[in-house]
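Residue-level structural notes
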Amino acid sequence: MDDLRIKYIDAIAAAADEAALEELRLQAVGKKGEVSLKMRELGKMTPEERQVAGPALNALKNEINSALAAKKVALADAALDARLATEWLDVTLPARNRRVGTIHPISQVTEEVTAIFADMGFAVAEGPQIETDWYNFDALNIPGHHPARAEMDTFYTHRAEGDERAPHVLRTHTSPVQIRSMEKTGAPIRIICPGRVYRADYDQTHTPMFHQVEGLALGRDISMANLKWVLEEFFSAFFGTEVKTRFRASHFPFTEPSAEVDIQCSWEGGTVKVGEGDDWLEVLGSGMVHPKVLEAGGIDPNEYQGFAFGIGIDRLAMLKYGIPDLRAFFDSDLRWLRHYGFASLDQPTLHGGLNR
Ligand code: PHE
């Protein structure tokens, strides 16, 4: 029994891993293990012999079992220590930089414009960027031969050979949304429509894609005076200072009378400041919606009238945030975007301030 004891206790102490330990357990105290076999022999002993051998065997079995359990714990501890030694983590290291994008100035300004007009009761309407020539031109009182079609440098889509239908166009302005909105909700109506428009033109102040916001207000007695008030309210809220406007008689096929609107500004040291000085800067086209346009939108011109306007969003952004070159808006230059972009949590609202 002493031989068994020494054999197993030493072997257990020397076991390299759990598998070796399990092997030893089976050899010693498993069903056919050496200690178990010895215990079976108890039956053949005399009662006197058994009285001595029984407890001694039991003690040996217990001793081996506790040695096995202790070694198992020791092996697990050692394994954990080894892991901790290799998988250490320095929680005092600074966190890795998270790249955060910025809100594009066009998006920001669109939000600002929307917030201001929403406050005056204008809902946001939308229309497709690929338009039929009916919505983009005819319905707006621009017939096929009209010079405005040529002036607008329109992008036309391609039709298959032999297909005689008029090609679709990339909308040249947001005015087609006037017609779509009239059809959808009828009058009275008060909407703005911000969105992308397209013209084949490219230089420091023109890009083939740019942004407008259309405005449309129809009611029974809406007049040019309401237009002027709404625009002055808008510009003053947008630029955060009182801005005078100047209406210049103009011509658009879809408004009568028509006016181009300038805002007051000063040019000093090559930079433009809105709301001061006595220079003027053209920022939009507007007028009273032409009766033919109302009719095209399914509205009776004897019952309803109102105004429409179209403002260049990119121009507004350049003026407000001092951005000199329009083309840079669409270059996707990360340095430019980081410089002129806005933090994503700084969403403009009238109560929180339009720009912080
Ligand atoms: N659609 C015109 C343009 O793009 C602007 C405009 C809109 C003028 C509404 C009058 C009324 O130049």
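In this text the structure is predicted, and so the values were computed from the model without any measurement.

**Here's the deal with the site of the ligand**
- In the vicinity of the ligand lie 14 residues, with H173, S175, R199, Q212 and G310 positioned nearest.
- Between the ligand and H173, the relevant distance is 3.0 Å, taken from a nitrogen atom to a side-chain nitrogen or oxygen of the residue.
- Within the side chain of S175, one N or O atom sits 3.0 Å away from a nitrogen atom of the ligand.
- Its free accessible area being 330 Å², the ligand has 91% of it covered by the protein chains.
- Because more than half of its atoms lie within 2 Å of the grid, the ligand is assigned to the largest pocket.
- Elements represented by at least two residues in the shell around the ligand include exactly β5 (209-219), β9 (279-289) and β10 (305-312).
- When residues in the shell around the ligand are grouped by element, the largest group, three residues, is from β10.

**Here's the deal with the domain arrangement of the protein chain**
- Assigned domains within the protein chain: domain 1 (2-86) and domain 2 (105-346).
- The C-alpha-based centres of domain 1 and domain 2 are spaced at 90 Å.

**Overview of the pattern of salt bridges**
- Across all of its chains, the model carries 15 salt bridges by this definition.
- The closest approach of N and O atoms between R248 and E260, which form a salt bridge, is 3.4 Å. With R248 in strand β6 (residues 245-252) and E260 in strand β7 (residues 255-268), the pair connects residues that are twelve residues apart, well separated along the chain.
- Taking the relative accessible area as the measure of exposure, R248 reaches 28% and is therefore partly exposed.
- Overall, the relative accessible area of 18% leaves E260 in the buried class.
- Salt-bridge contacts for D333 lead to R335; the nearest nitrogen and oxygen are separated by 2.9 Å.
- On the basis of relative accessibility, which here comes to 27%, the residue D333 falls in the partly exposed class.

**Some remarks on the environment of G352**
- Within the fold, G352 resides in the segment after α12 (334-340).
- A residue is classified by how much of its surface remains accessible, and G352, at 33% relative accessible area, is partly exposed.

**A few points about the packing of helix α1 (residues 2-14) against helix α2 (residues 18-29)**
- At a minimum axis separation of 10 Å, α1 and α2 run at an interaxial angle of 165°. Comparing their axes, α2 and α1 come out roughly antiparallel. Seen from above, α1 lies across α2 with left-handed handedness. Across the interface between the two elements, Y8, A11 and I12 from α1 touch L21, L24, Q27 and A28 from α2.
- Looking at the contact of α1 with α2, its residues break down into six nonpolar, one polar and no charged.

**What about the confidence of the model for the protein chain?**
- The predicted model of the protein chain averages 91 in pLDDT, with 99% of residues at 70 or higher.
- When mean pLDDT is compared element by element in the protein chain, helix α10 (residues 291-296) scores highest at 98, while helix α7 (residues 147-151) scores lowest at 72.

**Things to note about the packing of aromatic side chains**
- On inspection of all chains with the given rule, the structure shows 13 aromatic pairs.
- Between F117 and F234, the aromatic rings sit 4.8 Å apart at their centres with planes inclined by 20°, giving stacked as the arrangement. Within this pair, whereas F117 is found in helix α5 (residues 105-119), its partner F234 is found in helix α9 (residues 224-239), the two being separated by 117 residues in sequence.
- Residue class for F117 comes out buried when judged on its relative accessible area of 0%.
- Note on W336 and Y340: the rings are 5.0 Å apart at their centroids and 45° apart in plane angle, and the pair reads as tilted. With W336 and Y340 both in helix α12 and four residues apart, the pair spans about one turn of that helix.
- On the accessibility criterion, W336 (12% relative accessible area) is buried.
- Here the aromatic residues F117, F122, F234, F235, F238, F239, F307 and F309 are joined through ring pairs into a cluster of three or more.
- Positioned above the aromatic ring of Y135, the side-chain terminus of R180 is 3.9 Å from the ring centre.
- Over the ring of F238 we find K320; its NZ or CZ atom is 4.4 Å from the centre of that ring.

Conventions we followed
- Residues numbered from 1 in each chain as written.
- Predicted model: local features only at pLDDT ≥ 70, side-chain atom pairs only at ≥ 80, totals over all residues.
- Heavy atoms only, no water.
- Near = heavy atom within 4 Å.
- Polar contact = N/O pair within 3.5 Å; in protein donor to acceptor, adjacent residues only side chain to side chain.
- Areas by Shrake-Rupley, 256 points an atom, 1.4 Å probe, with all protein chains shown as cover.
- 1 Å grid on protein atoms, 1.4 Å probe; cavity = no way out; pocket = protein on both sides within 12 Å on 5 of 7 lines; lining within 4 Å.
- Sits in = over half its atoms within 2 Å of the grid points.
- Helix = DSSP H or I, 4+ residues; strand = E, 2+ residues; numbered from the N terminus.
- Domains from an automatic or database assignment.
- Salt bridge = Lys/Arg side-chain N within 4 Å of Asp/Glu carboxyl O.
- Buried < 20%, exposed > 50% of the residue type's maximum accessible area, 1.4 Å probe, protein only.
- Axes fitted to C-alpha atoms, helices over the stretch in contact; angles between N-to-C directions.
- Parallel < 35°, antiparallel > 145°, perpendicular 65-115°, else oblique.
- Left-handed = near helix turned anticlockwise from the far one by under 90°.
- Contact = heavy atoms within 4.5 Å.
- Nonpolar A, V, L, I, M, F, W, Y, C, P; charged D, E, K, R; others polar.
- pLDDT = per-residue confidence, 0-100.
- Phe/Tyr/Trp six-rings, centres within 6.5 Å; stacked < 30°, edge-to-face > 60°.
- Lys NZ or Arg CZ within 6 Å of the ring centre and 35° of its normal.

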